[in-house]
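Residue strings, one per chain:
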Protein chains: 2
Amino acid sequence: MTELEFVLPADIERRSFEIIDSELGEIEISEKNKPIVMRCIHTTADFDYAYNLCFSENAVDCALNILRSGCVIVTDTNMALAGINKIALKKLGCKAICFMAEPEAAKLAENRGITRAAASVELAAQIEKPVIYVVGNAPTALVALYDHMKNGSFMPDFIIGMPVGFVNVVQSKELIMNSNANYIVAKGRKGGSNVAAAVCNGLMYMLTR
Amino acid sequence: MTELEFVLPADIERRSFEIIDSELGEIEISEKNKPIVMRCIHTTADFDYAYNLCFSENAVDCALNILRSGCVIVTDTNMALAGINKIALKKLGCKAICFMAEPEAAKLAENRGITRAAASVELAAQIEKPVIYVVGNAPTALVALYDHMKNGSFMPDFIIGMPVGFVNVVQSKELIMNSNANYIVAKGRKGGSNVAAAVCNGLMYMLTR
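Residues numbered from 1 in each chain as written. Chains lettered and ligands numbered in written order. Predicted model: local features only at pLDDT ≥ 70, side-chain atom pairs only at ≥ 80, totals over all residues. Heavy atoms only, no water.

## Quick notes on the sheet that holds strand 5 (residues 158-161) of chain B
Pairing between sheet strands relies on hydrogen bonds along the backbone, with the strands arranged either parallel or antiparallel.
Residues and elements named next belong to chain B.
No. 1: Here six strands make up an open sheet; going across it, the order is 1-6-5-4-2-3 and the pairing mixed. The open sheet is flanked by strand 1 (53-55) and strand 3 (95-98), the only strands paired with a single partner. Neighbouring strand axes in the sheet, compared pairwise and without regard to direction, differ in orientation by 15° on average.
No. 2: Taken together, the three bridges between strand 5 and strand 6 (residues 183-186) define a ladder with parallel strand orientation. Looking across to strand 6, one finds that Ile160 is bridged to Ile184.
No. 3: Contacts from helix 10 (residues 169-177) reach strand 1, strand 5 and strand 6 within the one sheet, and its direction differs from that of strand 6 by about 155°. (Pairing = 2+ DSSP bridges. Helix = DSSP H or I, 4+ residues; strand = E, 2+ residues; numbered from the N terminus. Axes fitted to C-alpha atoms, helices over the stretch in contact; angles between N-to-C directions. Contact = heavy atoms within 4.5 Å.)

Structure follows, in C-alpha cells:
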C-alpha cells in the first residue's frame, strides 16, 4: 500500500494544484481561465474539465468586475449554495441565495404552472443588484434564463452554467453559449453543484487571496 | 443545434437512468450494487463510476439494515449534508448531521491539535445510535476513522468513503478497504460531496421509493 504523504493541512491545496498543473502538461489553456479550469479539476479529479469549460469573451474579467460591485449570486440548488465560500463572499460584500426551497418559489411555480427552477429565475429577475446566476443542476433554469433574455424581461449579468445529466442538459448549455450572455459553461453532460460552486469560488479567490 | 426534448419533469430521472443503463451496456455490475453505481453516474455524468466503486461484502444489504434501524448519517461537509434527501431521511426515521461548522468541532480540534475533520469523527464516536459516516471531502476523516477502528475506540456501522483529490486521497481509501469496515468507496482520486450524497440517496431510495 502507498504510504500516506505528510503534508500540512494548509499546504494540501497548493500541493494539489502543483500536481494538477504538472498533469495538465502542455494542454493550452489561457492564463486568465486556467485558475478556473484547475479549480474544477481540483473539485472532481476529472481532467475532462480541461477540455469542456467554455468561456464567453473576457468572461473572467467580466465576472471579476461583477463580483467587485457587490453582486448577488443566485444558485439553483442548496448544495451549490453550501459549496460557495462564505468568507470570500463576505470579503467582497456579495451575497449568495437559493430560492429553490423558499415557499415563494413553490407558490409561484404552482400559480404559473412552471418548474421551481423557472420560478427561481423569475424571483432573481426582481433583484436590483447585479446577478450572477449559478446553475449546477436544472437545465430548465438555463432554458428559463434564455427565454427571459430573448424577450428582454431579465438579463443576468453573468451565467455559470453547469447542469449535469442526460436529458436536455447539453441543449440547455448550447442555448446559453449561442446567446449574448456572459458565461462560463461546462459543455456536454458534465457539471454539478460542486463544479458550479468551484467556479464561483475560483473567481472569488482571484480577488480575495 | 439539437432540439430540446420534451420530457415531463417527473420523467426526467427515469429517462436519465434508461440512458445510463443503455450506455453501461455489457459492463458487469451486480444487480444489488447497480442502483448505486447508476446514481453516481447520474450525479456526475462520469462513467468512471462504473469501474471505481468498491463494495465490501454484502455492503448494500448491510447499509439498508442500518438505514432501517433509524441511524445517524454523519457527513464531513455541509455540502454533502445539503445533498442528502430530507424526505427519504424522514421516512426512514434517520437523521443527518455535519459537525464541521459546529463550534464544538472547532474547539475540540484546537484543544487536541487535530483537524476539524478528525474532531468530527471524535464527536461521531459519542453518538449512541448506529452511524453511517459519509466522507465527501477530507481524507483525514478516513484516516481518523481508520485509527479509531484500529485502537477500538470507534467502529462506525458503515463508511461511505468518497473524498476527492490529489493528496492522500487514494491512500486514505485503501486504509478503509483494507480494514474490517462495511463500506462503499470510490477507489482512486475521484469522489466528492455530491457523489457521497448520491450514494446515501441511492441507498435510501431502495427503501423509500
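## Description of the relation of the copies chain A and chain B
No. 1: Structural alignment of chain A on chain B gives an RMSD of 0.0 Å, achieved by rotating through 180° and translating 0.0 Å along the axis. The relationship between the two copies is best expressed as a two-fold rotation axis. Taking the C-alpha atom as reference, chain A places Met79(A) closest to the rotation axis, 2.6 Å from it.
No. 2: By residue overlap, the copies meet face to face through one surface: 100% of the interface positions of chain A are interface positions in chain B. (Least-squares fit on C-alpha atoms with pLDDT ≥ 70 in both.)

Take it as geometry only, folks, not as evidence of what the structure does.
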